[in-house]
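Single-letter residue listing:
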Amino acid sequence: MSAPPATGLLVIGDVVTDVVALHDGPPATGTDTPADITLRPGGSGANTASWAARLGADTRLLARAGYDTGEWHAAELTKAGVRPHLRIDPGRPSAVVIAMVDASGERSMLTNRGASGHIGVDDWAPDLLDGVGRLHLSAYTMFAGPGLELARLAMREAAGRGIPVSVDPASCGPLREFGRERFLRETAPAATVIPNREEALLLSGASDPDTAGRVLSARYGTAVVKLGADGALLAREGRIVARAPAPPAAVVDSTGAGDAFAAGFLAATLAGGTPEEALRTGCEAGAMAVAQVGGRPKSGNFTLLTPIAGLRRKLHH
């Protein structure tokens, strides 16, 4: 009798201290603007890992935090159910993002990469892939030289073990600066790309998300395009094979919605879900994320645990 497939998820990404400021109008120049301000653990990679763990996936995170808040970040990840492989940088503070969120839930961000910008091959160990069924990369890691070397090494070792790789392009600004062709070349080992609408259009050169999904899936194998309030689509080998609508949601803060979607999609896929089930789970996780402040899951709102568990039973039987 063959052993069941490995279902662990290893995320390589960033850990960030998020300062979230909710405000009603544009910030006033030269004076005060009233806002509700909260401090939250964040980071695209850490958010995805936390959502995936809370949704039932066996999740590990490789990241680097700073001397100032590293222990707090490790504790928050552990509380969320993640197994953190978190190196504390003794000479740098943790990354910080100041997210200014307007009344519609849209955000503008000021970013200091801090320790996250210095993660590299010294943080890697081959046994990180033990029991892993999927390696997921947040492209923020790749936008600095040491992180790019780490991504190359991790993808190479994953390929050597037959472990599929997925990548989230992260953000249009740094992606555009990194370079479209360069990104496509560096992420060629990945079997799945999970961009949002704008990232998909940028990477594909297409003018609409359907065409973008087909173009990117012809290159990677699978492309999952996040469409916000319009749901998501999945294309394979140049053909759209699944779509899912977005559940109704009262948008409070869009921070981490794409990270939550990726987590739901990956958790359901690792549990044996069909493309439709994985897309639906991703959309539901994204809807939960936008209905709260901050990019991490809160306790008491994980209605997806039962369907994920059901998919896992199907996988093992």
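- The chain is annotated in an unreviewed UniProt entry as Sugar kinase of Microbispora triticiradicis.
- Looking at the Sequence similarities (unreviewed entry) heading of the UniProt record, one finds this comment for the chain: "Belongs to the carbohydrate kinase PfkB family."

A look at the sheet that holds strand 6 (residues 95-101)
Piece 1. Ordered in space as 3-2-6-7, the four strands form an open sheet in which the pairing is mixed. Edge strands, defined here as strands with exactly one partner in the open sheet, are strand 3 (36-42) and strand 7 (107-112). Strand-to-strand twist in this sheet, taken as the mean axis angle between neighbours without regard to direction, amounts to 20°.
Piece 2. Summarising the sheet, strand 2 (residues 16-22) and strand 3 pair through seven bridges and their orientation is antiparallel. Its bridge partner being in strand 3, Thr-17 is matched across the sheet by Pro-41.
Piece 3. Against the sheet, helix 2 (residues 70-79) contacts strand 2 and strand 3, and its axis sits at roughly 75° relative to strand 3.

Describing unusual backbone geometry
Piece 1. Positive phi outside glycine occurs at Ala-170, with the angle close to 85°.
Piece 2. Even without being a glycine, Glu-237 presents a positive backbone phi close to 50°.
Piece 3. Among the structural elements, Glu-237 can be located in the loop between strand 12 (232-236) and strand 13 (239-244).

Comments concerning the pairing of strand 1 (residues 8-12)
Piece 1. The buried fraction of strand 1 is high, at five of five residues.
Piece 2. Residue alternation in strand 1 divides its side chains into two sets, Gly-8, Leu-10 and Ile-12 and Leu-9 and Val-11, and both sets are buried.
Piece 3. Sheet topology places strand 1 next to strand 8 (residues 132-138); five bridges connect them, and they run parallel. Across the sheet, the residue bridging to Ile-12 is Leu-137, located in strand 8.
Piece 4. The pairing of strand 1 with strand 4 (residues 59-66) spans four bridges and is classified as parallel. Bridge pairing in strand 4 links Ile-12 to Leu-62.

Regarding the sheet that holds strand 10 (residues 192-193)
By way of backbone hydrogen bonds, the strands of a sheet pair with one another, either parallel or antiparallel.
Piece 1. As summarised here, the arrangement of the nine strands in space is 5-4-1-8-9-10-11-12-13, forming an open sheet in which the pairing is mixed. Whereas interior strands pair on both sides, the edge strands pair on one side only; in this sheet they are strand 5 (83-89) and strand 13.
Piece 2. Strand direction decides the pairing type here: strand 10 and strand 11 (residues 222-226), joined by two bridges, are parallel. When the sheet's bridge partners are listed, Val-193 is paired in strand 11 with Ala-223.
Piece 3. Helix 8 (residues 257-270) rests against strand 1, strand 8, strand 9 (165-168), strand 11 and strand 12 of the sheet, and its axis sits at about 165° to strand 8.

A short note on the pairing of strand 13
Piece 1. Direction of pairing for strand 12 relative to strand 13: antiparallel, over a ladder of five bridges. The residue of strand 13 that forms the bridge with Ala-235 is Ile-240.
Piece 2. Here strand 12 hands over to strand 13 after two residues, with Glu-237 in that stretch at a positive phi of 50°.

Re the layout of surface pockets
Piece 1. Estimates place the volume of the largest pocket at around 1,300 Å³.
Piece 2. The wall of the largest pocket is formed by 49 residues, among which Arg-107, Asn-196, Ser-254, Ala-257 and Gly-258 lie closest to the centre.
Piece 3. For the lining of the largest pocket, the secondary structure elements donating two or more residues are strand 2, helix 1 (44-54), strand 6, strand 7, helix 4 (172-178), helix 6 (197-204), helix 8 and helix 9 (275-290).
Piece 4. Among the elements that take part in the lining of the largest pocket, helix 9 stands out by supplying five residues, more than any other.
Piece 5. Among the residues forming the lining of the largest pocket, the class breakdown is 21 nonpolar, 17 polar and eleven charged.
Piece 6. If you add up the space inside the second largest pocket, you get close to 200 Å³.
Piece 7. Along its surface, the second largest pocket is lined by eleven residues, and Pro-41, Glu-76, Arg-296, Pro-297 and Lys-298 are the ones closest to its centre.
Piece 8. Counting residues per element, the ones that place at least two in the lining of the second largest pocket are strand 3, helix 1 and helix 2.
Piece 9. Across the lining of the second largest pocket, the residue classes tally to three nonpolar, two polar and six charged.

Some points on the environment of Asp-122
Piece 1. Of note, Asp-122 is situated in the loop between strand 7 and strand 8.
Piece 2. According to the relative accessible area criterion, Asp-122 is exposed, its value standing at 67%.

Criteria and cut-off values
- Residues numbered from 1 in each chain as written.
- Predicted model: local features only at pLDDT ≥ 70, side-chain atom pairs only at ≥ 80, totals over all residues.
- Heavy atoms only, no water.
- UniProt positions renumbered as here; feature names shortened; annotations may be inferred.
- Pairing = 2+ DSSP bridges.
- Helix = DSSP H or I, 4+ residues; strand = E, 2+ residues; numbered from the N terminus.
- Axes fitted to C-alpha atoms, helices over the stretch in contact; angles between N-to-C directions.
- Contact = heavy atoms within 4.5 Å.
- Buried < 20%, exposed > 50% of the residue type's maximum accessible area, 1.4 Å probe, protein only.
- 1 Å grid on protein atoms, 1.4 Å probe; cavity = no way out; pocket = protein on both sides within 12 Å on 5 of 7 lines; lining within 4 Å.
- Points joined across faces, edges and corners; volume = space filled by probe spheres on them.
- Nonpolar A, V, L, I, M, F, W, Y, C, P; charged D, E, K, R; others polar.

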